[in-house]
Amino acid sequence: MSAAFNRTRLIAVLLAGLLCLGANGPFLGGTVARVVDGDTLVVQLTSGRIRVRLYGIDAPEHDQPGGAEATAALQSLVGRSPVQLEVIGQDRYARMVARVIRGGLDVNSEMVREGYAWVYRNYLQPQDRSWCELERQARRLRRGLWAQPGAIPPWDFRHHTQGPPIPPCP
């Protein structure tokens, strides 16, 4: 075997260990370093730390009712565990937007199912429309932030507005 072939093969093996291509996009492996709030993590990758915004959900802000509970719920789901990140894109704050998988559990949809986050309707991809049913069930069963009436969507709270009724999920 040639040295060039071995070098190419080594690079391919190393890249495969760092980045795996899944059915929906690239996956990165890392370890949760810190939970910032109910929809943002800091993840340690082999290349360094990165801020990750959980795709498709919006959790209450720190100073919003339910914010501390949403942060605690995310902390209980991921702790400082190894996670897989299915990269969706990057937001305007230069955070990676990703689906977070811990031990086979889709953390993003679990936050909705447990009632600690809204489905972020503006950014939901068609294959994730089932999350709307998870939100409806959480509301009906009064889980998480739905235990108290009058939950304000984070997008209204951030802009100090009482917007129109929450748009229905697609």
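Everything that follows concerns the structure shown earlier in this document.
In this report, the structure presented in the accompanying data block is examined. (Residues numbered from 1 in each chain as written. Predicted model: local features only at pLDDT ≥ 70, side-chain atom pairs only at ≥ 80, totals over all residues. Heavy atoms only, no water.)

## Examining helix 4 (residues 130-140)
Part 1 of the reasoning: Regarding helix 4, the residues found buried are W131, C132, L134, E135 and A138. In an axial view of helix 4, the angular spread of the buried residues amounts to 155°, which keeps them on one side of the axis.
Part 2 of the reasoning: Taken from the residues just after helix 4, R142 is the one with a positive phi, measuring 55°. (Buried < 20%, exposed > 50% of the residue type's maximum accessible area, 1.4 Å probe, protein only. Helix = DSSP H or I, 4+ residues; strand = E, 2+ residues; numbered from the N terminus. Arc of directions from axis to C-beta.)

## Description of the nonpolar core
Part 1 of the reasoning: Among the nonpolar cores identified, the biggest contains 32 residues, and L41, L74, V78, L85, V100 and M111 are the most heavily contacted of them.
Part 2 of the reasoning: At the level of elements, strand 2 (26-37), strand 3 (40-45), strand 4 (48-54), helix 2 (67-78), strand 6 (82-90), strand 7 (96-102), helix 3 (107-113) and helix 4 are the ones that each hand at least two residues to this core.
Part 3 of the reasoning: A total of five residues in this core trace back to one element, the largest contributor, which is helix 2.
Part 4 of the reasoning: Apart from the residues within four sequence positions on either side, L41 is in contact with V32, R34, V35, V36, I50, R51, V52, L54, L74, V78 and V100.
Part 5 of the reasoning: Ranked by size, the runner-up nonpolar core spans six residues in total, among them W118, L145, W146 and W155. (Core = buried A, V, L, I, M, F, W, Y, C linked by side-chain atoms within 4.5 Å. Contact = heavy atoms within 4.5 Å.)

Read these as spatial facts, not as claims about activity.
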